[in-house]
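# Chain and residue survey
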Amino acid sequence: MTPRAETLHGGVLVAEVLRRQGVPSLFTLCGGHISPILVAAKALGIRIVDTRHEATAVFAADAAARLTGVPGVAAVTAGPGLTNTITAVKNAQLAQSPVVLLGGAAPTLLKGRGALQDIDQMALMRPHVKWAKAVRAVREIVPALTRAFAIAQSGVPGPVFVELPIDILYPEAVVREWTAASLSRGRSLASRVTNGYVNWHVNNVFARAGEQRAEEPTPVSAPRPPMGQVRAAAEMLAAARRPVLVVGSQALLGAPADAAALRDAILRLGIPTYLSGMGRGLLGRHPLHMRHGRGQALKEADLIILAGVPNDFRLKYGAYAPRRTPVIAANRSRAEMRQNRRPTLGVAADAGLFLRALAAAAPVSSGQWAAWQETLSQRNAARDADIAAQASAPTDYVNPIQVCRALEAVIDEESVIVGDGGDFVATASYIVRPRAPLSWLDPGVFGTLGVGGGFALGAKLCRPQAEVWVLYGDGSVAYSLAEFDTFCRHNLPIIAIIGNDAAWSQIARDQVDLLGDSVGTDLVHTAYHEAAQGYGGAGILIEREEDLLPCLREAQAIARQGRPVLVNILIGRTDFRKGSISM
């Protein structure tokens, strides 16, 4: 339904753009500055999902973008509402996730004059986004938002910010009424000049307000690889006897159908493959997926293909293999592609499209890497056996490795797994296998704690039929425990698992060994399950190993009935990840 001229306002124009862009849900925490956006978006059929912290709203938008390929959108109020988003925005920037952040602001006429929650928001946001725009008139709303969506998705994707002052969002009659109350009643020349300027300013804010309306967006194309480089890569691959492929999050940008096409391409190539970030789960349980021993495999490889993977700390700043080893790197970012180690062949293009083109150009594998794959598979199996042996080691409470093995046994084939934590989640990453492409969410290179509630929220809205599991450490859960209230109010049956060892164990393990003091790392076995119950969800406590499987299945049954549930598992401390501190 098109609003009549007298009811058209800035909030409606914003909502129309969101609907045209295919945005199904708007994540927010309410505020008077942005109320017209929320009301108008709801009226146009966009689901309004209100959270308990602004960071959660941005994390949820980030997750939605990763899982659908459509930029996720969050709207927050001015001042502290916006400052609360900074960690989540920076996480999206480093994860190259297309997020559109809408921020309320003080009235245009009162900027810099001490208005409520008025700060220099543009200076705050510019370092953390691809593009930032302060809208100053109603006629600018549609062009600014249309451009924001395009920029968020183009090239190297990332977050964008659009500032929308309160006076361009509310109906003109309301704004004029507010403004009239501030006009001087005096007759002096100064009063007449001031009143004249104020009236001119308001007229300018609303001039040609309804001229531009949202239109169907122009599709944003991913950068395609040059065919000459694809053929060169195919020749290098044909000569290899021990190739290794490493696929990272950037290769999974785009729609879910692109992920399925990428999976098919990798299977046609037949290269032993390691997956990281959003790449986890891409191959399911296929034998080409090598889960352990990546470091040794890279050292022994005679060709390494990095698909959307930077040479950062996770790859030892490029020192993962001898300098003589040829490297093919496909990356949307030229700077990231060359960081720390220049590739033998650098392809500045979408990594997923590169692999698909390479699979089409390369001859079908005829088993030339079978011996190499068998070597890596045997190492994989040996590491799995070692982990299984460590699972039986006695600990106080439940061995965390055993917890992860139980999770691996019960998680449904149609599921999304969210990781939010340090030691417990990193342990789970060795054992719990995402079932399919786009079924694993973690913060990415920033290593941010606190993503859990928002990522789970976004995932469940995108995949309502899937089991959504969020794996927490007992340190990280405190960042988003209040979102159990959000899960309950919005009828989102999410399953939360807490590995509760009463410590920030990832830090404590090395801190105690190296510095001799656990200060700042000690927690207690908090009854998080009771907190979840207080917010309206279900809570389960596990203290014994024999209760793992029945209680996890009980949690699944509760979720199937439509209720979120938190399983608080008291775990012992192990040396499974000793020496894992990163720099």
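Residues numbered from 1 in each chain as written. Predicted model: local features only at pLDDT ≥ 70, side-chain atom pairs only at ≥ 80, totals over all residues. Heavy atoms only, no water.

### Considering the pattern of salt bridges
- Per the counting criterion, the structure on display carries 23 salt bridges.
- Taking the shortest distance from any N to any O, the salt bridge between arginine 213 and glutamate 16 comes out at 2.7 Å. Taken together, the residues span a long stretch of sequence, with arginine 213 in the loop between helix H9 (189–206) and helix H10 (227–239) and glutamate 16 in helix H1 (residues 10–20) at a distance of 197 residues.
- Residue glutamate 546 pairs with arginine 544 through a salt bridge whose shortest N-O separation is 3.4 Å.
- Judged by its relative accessible area of 45%, arginine 544 falls in the partly exposed class. (Salt bridge = Lys/Arg side-chain N within 4 Å of Asp/Glu carboxyl O. Helix = DSSP H or I, 4+ residues; strand = E, 2+ residues; numbered from the N terminus. Buried < 20%, exposed > 50% of the residue type's maximum accessible area, 1.4 Å probe, protein only.)

### Focus on helix H16 (residues 400–410)
- Counting buried residues along H16, nine of its 11 residues qualify, which places the element largely inside the surrounding structure.
- By the burial criterion, the buried members of H16 are Pro400, Ile401, Gln402, Val403, Cys404, Ala406, Leu407, Glu408 and Val410.

### Considering the pairing of strand E17 (residues 565–570)
- Across the six residues that make up E17, a large majority, six, are buried.
- Side chains Val565, Val567 and Ile569 project from E17 onto one buried face, and the interleaved Leu566, Asn568 and Leu570 project onto a second face that is buried too.
- The pairing of strand E16 (residues 538–542) with E17 spans five bridges and is parallel. Along E17, the bridge assignment pairs isoleucine 542 with isoleucine 569. (Pairing = 2+ DSSP bridges.)

### Brief notes about the sheet that holds strand E7 (residues 243–247)
- Pairing in this open sheet of five strands is parallel, and the strands run E8-E7-E9-E10-E11 from one edge to the other. On the outer flanks of this sheet lie strand E8 (273–275) and strand E11 (345–348), each paired with one strand and no other. Pairwise comparison of adjacent strand axes, ignoring direction, gives a mean angle of 10° for this sheet.
- Relative to strand E9 (residues 303–307), E7 runs parallel, the two being bridged by five bridges. (Axes fitted to C-alpha atoms, helices over the stretch in contact; angles between N-to-C directions.)

### Some details on the environment of isoleucine 119
- Here isoleucine 119 lies in the loop between strand E4 (99–105) and helix H6 (121–125).
- Separated by 99 residues in the primary sequence, isoleucine 119 and threonine 218 have C-alpha atoms spaced 34 Å apart.
- In contact with isoleucine 119, not counting residues within four places along its chain, are Gly79, Thr83, Lys111 and Leu124. (Contact = heavy atoms within 4.5 Å.)

### A closer look at empty space enclosed by the protein
- Taken as a whole and assessed by the stated rule, the structure comprises four cavities of 30 Å³ or more.
- Considered as a void within the structure, the largest cavity measures approximately 60 Å³ in volume.
- Taken together, Pro400, Asp423, Phe424, Thr427, Asp501, Ser505, Arg509, Ile571, Gly572, Arg573 and Thr574 make up the lining of the largest cavity.
- Contributions of two or more residues to the lining of the largest cavity are made by helix H17 (423–431) and helix H21 (505–515).
- With three residues, H17 is the largest single contributor of residues to the lining of the largest cavity.
- Taken together, the residues that form the lining of the largest cavity break down as three nonpolar, four polar and four charged. (1 Å grid on protein atoms, 1.4 Å probe; cavity = no way out; pocket = protein on both sides within 12 Å on 5 of 7 lines; lining within 4 Å. Points joined across faces, edges and corners; volume = space filled by probe spheres on them. Nonpolar A, V, L, I, M, F, W, Y, C, P; charged D, E, K, R; others polar.)

### Regarding the side chain of aspartate 350
- Mapping aspartate 350 onto the fold places it in the loop between E11 and helix H14 (351–361).
- Contacts of aspartate 350, omitting those with residues within four sequence positions, involve Ala222, Pro223, Gln250 and Arg332.

### With respect to the state of the cysteines
- Tallying each qualifying case throughout the model produces zero disulfides.
- For the unlinked cysteine cysteine 404, the closest cysteine sulfur is that of cysteine 551, found at 16 Å.
- We classify cysteine 551 as buried; its relative accessible area is 12%. (Disulfide = S-S within 2.5 Å.)

### Overview of unusual backbone geometry
- A positive phi angle, near 55°, is found at tyrosine 317, a position not held by glycine.
- Of note, tyrosine 317 is situated in the loop between E9 and strand E10 (327–331).
- Overall, the relative accessible area of 42% leaves tyrosine 317 in the partly exposed class.
- Even without a glycine there, the phi angle at leucine 438 is positive, about 55°.
- Among the structural elements, leucine 438 can be located in the loop between H17 and strand E13 (440–441).

### Concerning the packing of helix H3 (residues 54–68) against helix H18 (residues 452–462)
- Two elements in contact, H3 and H18, have axes separated by 7 Å at closest approach and are oriented at 45°. Viewed along their axes, H3 and H18 adopt a mutual orientation that is oblique. For the pair H3 and H18, the sense of crossing is right-handed. In this structure, H3 uses Thr56, Phe59, Ala60, Asp62, Ala63, Ala64, Arg66, Leu67 and Thr68 to contact H18, whose residues at the interface are Gly453, Gly454, Phe455, Leu457, Gly458, Ala459 and Cys462. (Parallel < 35°, antiparallel > 145°, perpendicular 65-115°, else oblique. Left-handed = near helix turned anticlockwise from the far one by under 90°.)

### Description of the environment of valine 198
- Structurally, valine 198 can be placed in helix H9.
- By relative accessible area, which is 9% here, valine 198 ends up buried.

### Details of the packing of H3 against helix H5 (residues 86–94)
- The N-to-C vectors of H3 and H5 enclose an angle of 20°; their axes lie 7 Å apart at closest approach. When the interaxial angle is binned, H3 and H5 end up roughly parallel. Facing Ala55, Val58, Phe59, Asp62 and Arg66 of H3, the residues of H5 in contact are Ala88, Val89, Asn91 and Ala92.
- Here the residues of the contact of H3 with H5 are counted per class, giving six nonpolar, one polar and two charged.

### Digging into the side chain of serine 476
- Tracing the chain through its elements places serine 476 in the loop between strand E14 (467–473) and helix H19 (477–480).
- Of the polar contacts made by the side chain of serine 476, one reaches the backbone oxygen of aspartate 420; its length is 2.4 Å. (Polar contact = N/O pair within 3.5 Å; in protein donor to acceptor, adjacent residues only side chain to side chain.)

### Here's the deal with the packing of aromatic side chains
- Using the criterion set out here, one finds two aromatic pairs in the structure.
- Consider the rings of phenylalanine 59 and phenylalanine 455, whose centres lie 6.0 Å apart with planes at 90°: the pair is edge-to-face. With a gap of 396 residues between them, phenylalanine 59 in helix H3 and phenylalanine 455 in helix H18 connect regions that are remote in the sequence. Accessibility assignment for this pair places phenylalanine 59 and phenylalanine 455 in one class, buried.
- An angle of 65° between the planes, with centres 5.3 Å apart, marks the rings of phenylalanine 484 and phenylalanine 487 as edge-to-face. One end of the pair, phenylalanine 484, and the other, phenylalanine 487, are both in helix H20 (residues 483–489), three residues apart, so they sit about a helical turn from each other.
- On the basis of relative accessibility, which here comes to 1%, the residue phenylalanine 484 falls in the buried class.
- Residue class for phenylalanine 487 comes out buried when judged on its relative accessible area of 0%.
- Taking the ring centre of phenylalanine 313 as reference, the NZ or CZ of arginine 314 above it sits at 5.9 Å. (Phe/Tyr/Trp six-rings, centres within 6.5 Å; stacked < 30°, edge-to-face > 60°. Lys NZ or Arg CZ within 6 Å of the ring centre and 35° of its normal.)

Honestly, it's all geometry; don't read function into it.
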